[in-house]
There are 4 protein chains.
Amino acid sequence: MKIGFIGLGNMGGPMARNLLKAGHQLTVSDLSQSAVAGLVEAGATAAASIAELARSDVEMIITMLPAAPHVKGVYLGEDGLLAHVAPHVRLIDSSTIDPMSARQVAEAAAARGNSLIDAPVSGGTGGATAGTLTFMVGGDKADFDAALPVLQAMGKNIVHCGPTGNGQVAKVANNMLLAITMIGTAEAMNLGVSLGMDPAVLAGIINTSSGRNWSSDTYNPYPGVMDNVPASRGYTGGFGTDLMLKDLGLATEAAKQARQPVILGGLAQQLYQTFSSQGNGALDFSAIIKLYNGAIK
Amino acid sequence: MKIGFIGLGNMGGPMARNLLKAGHQLTVSDLSQSAVAGLVEAGATAAASIAELARSDVEMIITMLPAAPHVKGVYLGEDGLLAHVAPHVRLIDSSTIDPMSARQVAEAAAARGNSLIDAPVSGGTGGATAGTLTFMVGGDKADFDAALPVLQAMGKNIVHCGPTGNGQVAKVANNMLLAITMIGTAEAMNLGVSLGMDPAVLAGIINTSSGRNWSSDTYNPYPGVMDNVPASRGYTGGFGTDLMLKDLGLATEAAKQARQPVILGGLAQQLYQTFSSQGNGALDFSAIIKLYNGAIK
Amino acid sequence: MKIGFIGLGNMGGPMARNLLKAGHQLTVSDLSQSAVAGLVEAGATAAASIAELARSDVEMIITMLPAAPHVKGVYLGEDGLLAHVAPHVRLIDSSTIDPMSARQVAEAAAARGNSLIDAPVSGGTGGATAGTLTFMVGGDKADFDAALPVLQAMGKNIVHCGPTGNGQVAKVANNMLLAITMIGTAEAMNLGVSLGMDPAVLAGIINTSSGRNWSSDTYNPYPGVMDNVPASRGYTGGFGTDLMLKDLGLATEAAKQARQPVILGGLAQQLYQTFSSQGNGALDFSAIIKLYNGAIK
Amino acid sequence: MKIGFIGLGNMGGPMARNLLKAGHQLTVSDLSQSAVAGLVEAGATAAASIAELARSDVEMIITMLPAAPHVKGVYLGEDGLLAHVAPHVRLIDSSTIDPMSARQVAEAAAARGNSLIDAPVSGGTGGATAGTLTFMVGGDKADFDAALPVLQAMGKNIVHCGPTGNGQVAKVANNMLLAITMIGTAEAMNLGVSLGMDPAVLAGIINTSSGRNWSSDTYNPYPGVMDNVPASRGYTGGFGTDLMLKDLGLATEAAKQARQPVILGGLAQQLYQTFSSQGNGALDFSAIIKLYNGAIK
């Protein structure tokens with residue numbers, strides 16, 4: 001298929017390469033010329049501008065951008081996608097943004113006759129490179145079905161979450177819960193160990209009890225409990241504190257707009273902000289346990 | 001084996017019956033004469049007092065009491081267990097109390113020559129009746145081994161958590177984490193549904209993603225997502241809000257004594273207190289979602 | 001002076017009337033024709049559009065709008081103020097919005113040669129009517145000085161807070177602190193009374209001690225402690241819960257953009273959201289004490 | 001008057017000296033022999049034991065002890081005060097403990113025929129030395145009146161708070177509110193300054209607005225805003241973080257026993273615990289602002 005791809009950063013770059021590997025023809029655009037050059041070397045064609053890409057003969061355009069203002073700029077800007085793209089071109093936004101913005105852009109696309117689905121991902125740069133991302137997709141079922149083969153070239157788990165915006169809803173709800181369970185696990189592990197328990201024994205008990213959760217049994221924040229997790233390599237790699245902080249900002253913003261309380265979610269955002277303000281923004285998000293136990297390295 | 005059993009309430013009663021069924025000889029004591037009468041009818045012998053029970057020819061004594069003051073009273077009181085029991089009698093306290101109190105009583109027992117292990121349970125009255133409780137045991141490995149066959153008559157999962165007090169530590173750490181993950185799951189489910197997602201679809205995504213936890217995949221608080229959980233029967237049955245509140249009180253008390261922060265744990269305690277103060281103490285603890293969404297019945 | 005006034009709602013209406021009373025000539029604009037008619041009856045001239053008002057011979061334009069999107073629309077819109085106003089016209093925005101938006105609009109004004117100061121108010125509709133508002137002003141000192149006589153016709157306390165945006169900063173910082181002290185006062189009063197103290201005696205002690213604050217000594221949330229406060233008339237009148245919720249949203253948004261934690265501030269926002277979600281958004285913000293004590297009416 | 005004084009620490013020592021200065025005859029007791037020696041040098045008589053002090057011809061006994069277990073030990077212990085003191089001797093406990101313990105000890109005293117009032121203080125070691133403490137007194141009005149002249153030798157502000165235990169209630173309620181307002185003030189100051197405001201200007205605005213509180217206008221935590229406060233001398237002196245932490249522990253314990261929520265109070269406790277765990281327990285409690293802004297020294 002002829003596909004346009006806008007946004008070739010840490011996530012978008014490897015995603016685009018996986019599309020090339022799957023045999024698709026790619027036209028790409030990014031503010032970074034070196035990112036574009038890398039993809040061209042791998043077989044893609046460079047578009048001189050978003051407008052040019054929009055007017056080319058692509059059948060589908062995928063965007064992978066840092067935040068809502070970039071998404072609005074690329075789609076709604078005076079010389080943006082919607083001003084130039086033909087109505088039959090399918091649009092997929094894989095950026096992680098707040099659900100309301102996702103719906104606003106999708107409505108603008110619909111008004112022009114284009115279908116736009118939101119398809120944020122989880123799985124990090126590792127999943128983007130390996131092609132094992134999870135896509136949480138919001139939009140019509142027919143549009144989901146049409147996008148499925150393309151998304152499968154980049155991910156393993158492609159879930160239809162309901163109408164437009166629901167991909168973003170699923171992502172912010174899940175990641176807010178992840179932040180809460182991670183901090184809770186950090187507190188429980190630190191409390192138990194400070195009261196005399198061996199961390200591995202405590203994790204074993206929790207993982208067969210009602211406190212069990214992904215942060216305790218797959219990504220334990222206490223050093224030495226599990227191999228191959230950030231806690232066992234100084235909290236490097238993984239999902240950064242500042243990325244979690246961004247997602248918590250989206251979750252509380254969505255809650256504010258929906259006029260719903262997220263009491264632990266709001267506190268989780270503030271605790272990650274506190275931890276980031278103390279200079280830890282680049283550490284994996286499981287490092288939040290250091291806020292509780294300064295002796296953990 | 002000849003076993004003494006003190007405390008025949010909602011939990012202790014069925015536990016004692018399971019010991020009788022397993023063929024043990026029981027001498028029992030409780031403030032409630034009807035509770036004692038019930039056990040006598042089932043084959044137990046009644047002791048006129050704790051002192052008499054302590055001086056009888058039992059080889060082991062199990063206590064199952066509501067809170068630390070009762071445990072201290074029964075063991076350390078002027079006419080209590082330690083004042084009368086022979087040194088070779090093994091002592092097991094299955095009450096849920098704070099780790100410091102557990103260690104204090106165990107030290108007093110050790111000073112008299114008795115081994116005392118702490119063995120709080122999880123699994124509720126259902127598990128007590130079915131004999132499928134989990135026992136979290138603190139004490140010497142040899143004492144744990146000696147108690148194991150007896151505990152197996154009452155439970156399915158018997159875990160050695162380390163030295164004296166660690167059974168209590170494991171329980172309060174796990175249950176604090178349970179409260180946090182339950183409230184977090186309630187917030188995430190309510191947020192997602194209020195933003196337009198189907199609750200079952202959202203639960204499905206969370207349960208295959210990083211937000212996954214026991215409260216989301218085994219005990220989901222949103223009505224209609226799972227059968228056979230309190231959320232699908234008006235939050236009746238299960239583990240009561242006020243019991244969770246008691247455990248959170250123990251967790252924050254233990255954290256205070258250990259001089260460790262439990263930031264989400266402390267907030268969870270206050271939220272359950274708020275919910276209980278609004279008249280919901282008898283509802284299952286997953287009903288906390290009603291604090292967020294008044295429309296849930 | 002010839003002054004334009006845009007936004008004639010609950011606050012803007014009485015503010016504009018005070019300008020008329022002080023002898024200024026007013027040209028006004030509002031989406032509500034009845035609001036415009038009321039001011040015309042009081043002596044103002046109606047402008048057919050924002051563009052017309054901008055192109056009239058006014059020397060100063062004051063805007064009083066509900067939220068940042070309205071402010072951006074009125075100033076930055078295609079047919080908005082900045083597209084039509086002459087460079088010498090002084091601009092004053094008295095809306096309460098986030099500091100970043102205030103600075104963004106002020107920069108756009110500066111680029112066109114207009115000075116724009118932010119001048120949010122406190123004092124409520126009562127202060128707007130009585131002309132006793134507090135104005136917190138951000139902008140150059142010369143612009144502040146030029147605006148001072150006009151602001152004095154509407155307010156009593158006019159404070160220069162520093163460069164552009166600082167008026168908004170002062171307002172959100174103060175109101176976030178107000179929310180925290182109000183909830184804290186509610187908790188302390190409820191705790192003390194539930195432990196047996198007379199509320200008036202407790203308030204008296206706090207007000208001469210280190211817990212003293214505006215919410216305890218001027219606006220006490222416990223019924224019967226003070227006359228002439230919302231707590232003594234069923235929490236009617238005053239500063240509404242949903243208005244406080246809006247200001248807390250601005251404070252946490254500003255903190256997010258500044259990458260600073262506001263831990264109690266974030267929790268205060270969530271608690272007011274919880275209280276509002278339970279149907280109390282129209283009650284005075286001191287009614288938050290009902291979240292703690294359901295018996296208070 | 002002939003007065004017994006038990007507990008000659010940082011607070012009790014200077015309080016006892018002020019009684020001597022006022023002309024009272026003192027019999028003293030403390031675990032520290034050097035503390036006793038100091039008072040003897042100043043004119044007091046040493047008692048060999050609490051029992052001896054209790055049996056001496058004193059008319060009143062004042063206790064000033066670190067925590068509830070010490071108070072219970074001194075009053076209720078086998079060889080304690082109540083076992084030996086004559087019924088007419090008036091008892092005053094100036095320790096800061098939880099209200100329930102205070103009431104429990106007072107009831108035991110009443111059962112022996114002795115009146116015991118609780119009279120915790122605020123004002124710190126400075127107030128103890130200067131004789132300017134505030135006493136918050138719980139007990140019968142007649143007992144309050146009888147104690148008044150003695151308390152006036154040690155303090156300036158003597159307040160009757162109602163029946164037994166209410167002195168403790170007033171103190172924990174006030175100090176919990178103090179912790180909340182201090183953290184709130186720290187957050188508001190840090191937020192405003194990070195957004196570009198001068199700290200002194202911001203404090204000035206808050207102090208004439210609805211955010212005004214003792215922590216903002218008398219004890220501002222931002223360095224340089226006020227002279228002669230701990231913030232302007234590296235957070236030395238004043239009221240230590242760990243003392244505030246102790247009072248917050250009493251407040252949340254009292255709330256737990258009263259089954260009332262203290263949501264911000266509970267979070268304040270956890271934040272002070274976090275700050276203390278990071279090695280700051282000896283700093284003045286206004287240093288909590290450093291949790292938000294690591295650049296503040």
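Model, not experiment: these values are computed from the prediction.

## Considering the overall build of chain A
Scanning chain A from terminus to terminus reveals 13 helices and 9 strands. Against the globule reference of 19 Å for 297 residues, chain A gives a C-alpha radius of gyration of 20 Å, in line with a compact fold. For the C-alpha atoms alone, the extent of chain A along its principal axes is close to 65 × 45 × 35 Å. Each of the 297 residues in chain A was classed as buried or not, and the buried ones make up 61%. Look at the contacts in chain A between residues 6 or more apart in sequence, and 62% of them connect residues 24 or more apart. Entry remark: accessible area of chain A is about 10000 Å², with carbon and sulfur atoms responsible for 53%. One way to put it: in chain A the 18 positive side-chain charges average out to a point 2 Å from where the 22 negative ones average out.

## Quick word on the UniProt feature "active site" (unreviewed entry) in chain A
Residue and element names in this part refer to chain A. With numbering aligned to this structure, UniProt lists the feature "active site" (unreviewed entry) at K171. Here K171 lies in helix α9 (residues 166-194). Judged by its relative accessible area of 9%, K171 falls in the buried class. The contact partners of K171, leaving out residues within four places of it in the chain, are T96, P120, V121, M136 and D247.

## Some details on the side chain of B:E253
By the element assignment, B:E253 lies in helix α12 (residues 241-258). The contacts of B:E253, once residues within four sequence positions are left out, are D:E253 and D:K256.

## A look at the interface of chain D and chain A
With 4 residues of chain D at the interface, the matching set in chain A holds 4 residues. Summed over both partners, the interface of chain D with chain A comes to about 380 Å²; 56% of that surface belongs to carbon and sulfur atoms. For chain D, the biggest contributors to the area lost against chain A are D:L267, D:Q278 and D:L291; these three give 61% of the whole. The interface formed by chain D and chain A includes 0 salt bridges. Put simply, chain D and chain A have 0 residue pairs in polar contact (both at pLDDT 80 or more) between them. Partitioned by chemical class, the residues of the side of chain D that touches chain A number 2 nonpolar, 2 polar and no charged.

## Some points on the UniProt feature "domain: 3-hydroxyisobutyrate dehydrogenase-like NAD-binding" (unreviewed entry) in chain A
Those residues carrying the UniProt feature "domain: 3-hydroxyisobutyrate dehydrogenase-like NAD-binding" (unreviewed entry) are residues 165-292 of chain A in this numbering. For residues 165-292 of chain A, the end-to-end C-alpha separation is 36 Å, with 61% helix and 0% strand making up the annotated structure.

## A word on the pattern of salt bridges
Considering all chains together, one arrives at 24 salt bridges over all chains under this definition. The shortest N-O distance in the salt bridge between C:D242 and A:R259 comes to 3.3 Å. Pair noted here: C:D242 is in helix α12 (residues 241-258) and A:R259 is in the loop between α12 (241-258) and α13 (263-280), and the two residues belong to different chains. Taking the relative accessible area as the measure of exposure, C:D242 reaches 32% and is therefore partly exposed.

## What about the relation of the copies chain D and chain A?
Between the two copies of the chain lies a relationship made up of a rotation around an axis and a movement along it. Once turned by 180° and shifted 0.0 Å along the axis, chain D lies on chain A with an RMSD of 0.0 Å. Between the two chains, the operation in question is that of a two-fold axis. Both copies share a contact surface, since 100% of the interface residues of chain D are interface residues in chain A too.

## What to know about the sheet that holds strand β9 (residues 155-160) of chain B
Note: strands within a sheet are paired through backbone hydrogen bonds, in either parallel or antiparallel orientation. Residues and elements named next belong to chain B. Within the open sheet, the 3 strands sit side by side as β7-β8-β9. Their pairing is mixed. Of all the strands in the sheet, just β7 (121-122) and β9 have a single pairing partner and so form its edges. Two elements, β7 and strand β8 (residues 133-137), share 2 bridges in a ladder whose sense is antiparallel. From the neighbouring strand, V121 faces β8, where its bridge partner is F135.

## Some thoughts on the sheet that holds strand β2 (residues 25-29) of chain B
Residue and element names in this part refer to chain B. The 6 strands lie next to each other as β3-β2-β1-β4-β5-β6, forming an open sheet whose pairing is parallel. Edge positions in the open sheet fall to β3 (45-46) and β6 (116-118), since each of these has one partner strand only. Alignment of strand β1 (residues 2-6) against β2, held across 5 bridges, turns out to be parallel. Bridging across to β2, K2 finds its partner in Q25. Across the sheet, helix α1 (residues 12-21) touches β1, β2 and β4 (60-63), and the angle it forms with β1 is around 170°.

## Comments concerning the relation of the copies chain B and chain A
Rotating chain B by 180° and translating it 0.0 Å along the rotation axis places it on chain A, where the RMSD comes to 0.0 Å. The residues that chain B uses at the interface reappear at the interface of chain A in 100% of cases, marking a shared surface.

## Regarding the side chain of B:N213
Mapped onto the elements, B:N213 comes out in the loop between α10 (199-207) and α11 (214-217). Exposure remark for B:N213: the relative accessible area of 0% places this residue in the buried category. Once you skip the residues sitting within four places of it in the chain, B:N213 turns out to touch A:L177, A:T181, A:R212, A:N213, B:T181 and B:T185.

## Topic: the packing of aromatic side chains
Across all of its chains, the model carries 12 aromatic pairs over all chains by this definition. Considering the side-chain rings of B:F239 and B:F285, the 5.7 Å spacing of their centres and the 70° angle between planes classify their relative orientation as edge-to-face. With a gap of 46 residues between them, B:F239 in the loop between α11 and α12 and B:F285 in the segment after α13 (263-280) connect regions that are remote in the sequence. Accessibility expressed as a relative area gives 23% for B:F239, which makes it partly exposed. B:F285 gets classed as buried once you look at its relative accessible area, which sits at 1%. Aromatic rings pair up to connect A:W214, A:Y219, A:F239 and A:F285 into one cluster.

## Focus: the environment of A:M182
Residue and element names in this part refer to chain A. For M182, the position within the fold is in helix α9. Classification of M182 by relative accessible area gives buried; the value is 0%. When the C-alpha atoms of M182 and N166 are compared, they prove to be 24 Å apart, with 16 residues separating the residues in sequence. The residues contacting M182, other than those within four sequence positions of it, are S215, Y219, P221, Y272, F285, S286 and I288.

## Observations concerning helix α10 (residues 199-207) of chain D
Of all the residues in α10(D), the buried ones are D:P199, D:L202, D:A203, D:I205 and D:I206. Down the axis of α10(D), the buried set is contained in an arc of 160°. They therefore lie on one face. On its buried face, α10(D) is in contact with β8 (133-138), β9 (155-162) and α9 (166-194) of chain C together with α9 (166-194) and α11 (214-217) of chain D. Taking the backbone nitrogen of D:A200 as reference, a side-chain oxygen 3.0 Å away marks D:D198 as the first, capping residue of α10(D).

## Focus on the pairing of strand β4 (residues 60-63) of chain A
A regular strand carries its side chains on alternate faces of the sheet. Residues and elements named next belong to chain A. Side-chain alternation along β4 places M60 and I62 on one buried face and I61 and T63 on a second face that is also buried. The pairing of strand β1 (residues 2-6) with β4 spans 4 bridges and is classified as parallel. Looking at β4, one finds that I6 is bridged to T63.

## Description of the domain arrangement of chain A
Residue and element names in this part refer to chain A. On domain assignment, one finds that chain A holds domain 1 (2-163) and domain 2 (169-291). Measuring from the centre of the C-alpha atoms in domain 1 to the corresponding centre in domain 2 gives 30 Å. In this assembly, 11 residues from domain 1 lie in contact with 9 residues from domain 2. Taken together, both faces of the contact between domain 1 and domain 2 bury some 900 Å²; the carbon and sulfur share is 69%. Of all residues in domain 1, T96, P99 and M100 bury the most surface against domain 2, accounting for 47% of the area lost on that side. In this assembly, domain 1 and domain 2 are joined by 0 salt bridges. For the pair domain 1 and domain 2, the interface holds 4 residue pairs in polar contact (both at pLDDT 80 or more). If you tally residues by element for the side of domain 1 that touches domain 2, the top one is helix α6 (residues 99-111), at 3 residues.

## Structural notes on the nonpolar core
One recurring pattern in soluble globular proteins: nonpolar side chains tend to sit buried together. Core analysis: the biggest nonpolar cluster contains 214 residues, and A:Y272, B:Y272, C:Y272 and D:Y272 have the highest contact counts within it. Once you skip the residues sitting within four places of it in the chain, D:Y272 turns out to touch D:A179, D:M182, D:I183, D:T241, D:M244, D:L245, D:L248, D:F285 and D:I288.

## Brief notes about unusual backbone geometry
Residue and element names in this part refer to chain A. Non-glycine residue N228 carries a positive phi angle of around 60°. Checked against the element boundaries, N228 lands in the loop between α11 (214-217) and α12. A residue is classified by how much of its surface remains accessible, and N228, at 71% relative accessible area, is exposed. Its identity as a non-glycine residue notwithstanding, R259 has a phi of 55°, on the positive side.

Rules of the game
Residues numbered from 1 in each chain as written. Chains lettered and ligands numbered in written order. Predicted model: local features only at pLDDT ≥ 70, side-chain atom pairs only at ≥ 80, totals over all residues. Heavy atoms only, no water. Helix = DSSP H or I, 4+ residues; strand = E, 2+ residues; numbered from the N terminus. Rg over C-alpha atoms; globule rule 2.2 N^0.38 Å. Buried < 20%, exposed > 50% of the residue type's maximum accessible area, 1.4 Å probe, protein only. Contact = heavy atoms within 4.5 Å. Areas by Shrake-Rupley, 256 points an atom, 1.4 Å probe, with all protein chains shown as cover. Lys, Arg positive; Asp, Glu negative; His and termini not counted. Charge placed at Lys NZ, Arg CZ, Asp CG, Glu CD. UniProt positions renumbered as here; feature names shortened; annotations may be inferred. Buried area = accessible area lost by both parts, 1.4 Å probe. Salt bridge = Lys/Arg side-chain N within 4 Å of Asp/Glu carboxyl O. Polar contact = N/O pair within 3.5 Å; in protein donor to acceptor, adjacent residues only side chain to side chain. Nonpolar A, V, L, I, M, F, W, Y, C, P; charged D, E, K, R; others polar. Least-squares fit on C-alpha atoms with pLDDT ≥ 70 in both. Pairing = 2+ DSSP bridges. Axes fitted to C-alpha atoms, helices over the stretch in contact; angles between N-to-C directions. Phe/Tyr/Trp six-rings, centres within 6.5 Å; stacked < 30°, edge-to-face > 60°. Arc of directions from axis to C-beta. Domains from an automatic or database assignment. Core = buried A, V, L, I, M, F, W, Y, C linked by side-chain atoms within 4.5 Å.

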